[in-house]
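Observations on the three-dimensional arrangement
Spelled out, the chains give:
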Amino acid sequence: MSDATKTPDRADVLVVGAGPGGSAAAAHAAAAGHDVVLVDAATFPRDKTCGDGLTPRAIAELDALGLGDYLDGRPRLDGLLLHGWGATKRVPWPSGRFPAYGSAVARTELDEEIRALAVSKGARMIQGAKAVDVTMTGDRIESVTLATASGTSSIRVRDVIVADGVKSGLGKSLGREWHRDTAYGTAARAYVPSTRADENWMGSHLELRGPDGNLLPGYGWVFPLGSAGGGLLNVGVGALATAKRPAHMQLRPILEFYANMVRDEWGIEGPPVRLTSALLPMGGAVTGVAGRNWMLIGDAAACVNPLNGEGIDYALETGRLAVELIGDTRADPDHTARWRDILVDHYGLAFSAARRLAGLLTVPQAVPTLGRPGIRSQRLMSMVVRVMGNLITPDDADLVARAWRGAGRVSTRIDARPPFS
C-alpha cells in the first residue's frame, strides 16, 4: 500500500510522528489488524539530530519488527572503546537477553525504512501533515486537526499515539509538561568521511573538553556507519544540565574541536558537515503522558537515557507496548493510569537512579573524581556500558541489576518529581 494522498475521514489508531517509535507503533498496530493512519509534518526521507547508534536493545526491537535482515549490510558493533584520563578500555556488549552487538544507521535511512515497513503492513501514511489541534468529547479525543500545504482537515479517531518528538507540540496541547529541574541533555552531531567507517567498535570519550581546555559535564562519541552508510562517521558531543546548573556552552566549536581531536585516531578525511543540535528531555521528566484514548511514547514521553541521551531503543519499545495496551483495552479504553503505570513499571527505577547520577555529574569536579579511577576498572566500565546501553531489565537477577534497581528504589523514595506522574 502506498502513502495516502488525502486525509482519511477516520482511523482506529492515529499515530502522530513517523520517527522510529511512531513508525514502529504503526507497523505493530497495522499487523494487529487495526485501521492505522500515520502522519508526520515532514516529507521523508528527512534528517534528525541523533547519534545514529543502535544498542543491542534496539536490535532486539528491530528483530521483533521483522527488520533484522535490514541490518545485515550495516556495521556490527561489538561494544564501546572508552577513553579518558590517559586510559582506554575496550568493553564488549554483555551477552544475555539481548543480542551481543549493536549497529549504527543514519536516521535519514533508518526512519524511512521503518516508515516504509509500517506502510507495507497496511498503515496509511500522510506526509507533510502537522497535528495542530484536537477536538475533545469529555476526556476523549474525538478528532485531530491536521494542517497541510493545501489547508486543514480533521480525522476522527478511536486511539491516538503521540510520537512527535522532544518538543511534542501535540503532547503539549494535551497537557504534557517537561520538568527541567531534573537532568536534561544538549547535544550536537555531524558527519565526517573516514577510512575507519567499517570499524566494529563505537568510540566514546568520557573526558570531554572544550577548545579552552576546560572539562565539560558530558562525553563525545564516534559511531561508524560502515560502507553502506557512505563511509561516514557520526561524530558528536553531549552535555548534561539541570535548571540549577544549565549548560551554557556553544556546541558547534566544541564539536569541531572534538572532531579534530579524534581526526588521526579515526582516519577522518574531511571537515564536519550537516551539523545539527538538539535539547533532550530525559529520564521520563514529564507529566501528562496519557489520557482516556491517547498516549505519549518515545522522546515525547522523555523516554531517553539520562546518562547518554540514547532513546531509539526506548522509542521502538514504547511503540510496541502502546499497541499492546490498545489491544488489551479495545472494548472500553482508558489509558490514563494504565499507560503511566506501564512506563513506571518498565523504566521508573532505572530512570530515577540514572537522573540522580546524571545530576551529580553536572557538579564541578564530579566527572574527574568518578571517572579517573573508574575507567581503569574493566568490571566497573562493563557495568557503565550496561547501564548506558539500557541493558538492565526488570527480569535480570544478577548483582549489578539488583544494585541498580536498589539505587532506583532509594531514589524514588526521596524524590517526588516525575517520571510520568
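That block above? That's the structure.
Read on for an overview of the structure.

Conventions adopted
- Residues numbered from 1 in each chain as written.
- Predicted model: local features only at pLDDT ≥ 70, side-chain atom pairs only at ≥ 80, totals over all residues.
- Heavy atoms only, no water.
- Core = buried A, V, L, I, M, F, W, Y, C linked by side-chain atoms within 4.5 Å.
- Buried < 20%, exposed > 50% of the residue type's maximum accessible area, 1.4 Å probe, protein only.
- Contact = heavy atoms within 4.5 Å.
- Axes fitted to C-alpha atoms, helices over the stretch in contact; angles between N-to-C directions.
- Helix = DSSP H or I, 4+ residues; strand = E, 2+ residues; numbered from the N terminus.
- Parallel < 35°, antiparallel > 145°, perpendicular 65-115°, else oblique.
- Left-handed = near helix turned anticlockwise from the far one by under 90°.
- Pairing = 2+ DSSP bridges.

Grouped together as the largest cluster of nonpolar side chains are 77 residues, with contacts concentrated most on Leu54, Leu62, Val144, Val160, Ile161 and Trp339. Discounting residues that sit within four places of it in the chain, leucine 54 has contacts with Ile59, Leu62, Leu71, Gly102, Ser103, Ala104, Val105, Leu110, Met202 and Ile312. Of all hydrophobic cores here, the second largest spans 38 residues; its members include Phe98, Ala106, Tyr191 and Met282.

Once that is clear, we can look at the packing of helix 1 (residues 20-31) against helix 6 (residues 312-328). Remark: helix 1 packs on helix 6, axes separated minimally by 8 Å, with the N-to-C direction vectors making an angle of 30 degrees. For the element pair helix 1 / helix 6, the angle class is roughly parallel. For the pair helix 1 and helix 6, the sense of crossing is right-handed. Here Pro20, Gly21, Ala24, Ala25, His28 and Ala29 of helix 1 come into contact with helix 6, specifically with Ile312, Ala315, Leu316, Gly319, Arg320 and Val323.

Of the residues making up helix 8 (residues 366-374), those classed as buried are Ala366, Val367, Pro368, Gly371 and Gly374. Those residues of helix 8 that are buried lie in contact with helix 7 (336-361) and helix 9 (378-388).

If you walk across this open sheet you meet the 7 strands as 5-4-13-14-15-12-16, and the pairing is mixed. The sheet is open, and its two borders are formed by strand 5 (87-92) and strand 16 (273-281), each paired with just one other strand. Within this sheet the neighbouring strands show an average axis-to-axis angle of 20 degrees, counted without direction. Of the pairings in the sheet, the one linking strand 4 (residues 79-84) to strand 5 comprises 6 bridges and is antiparallel in character. Its bridge partner lying in strand 5, glycine 79 is registered against proline 92.

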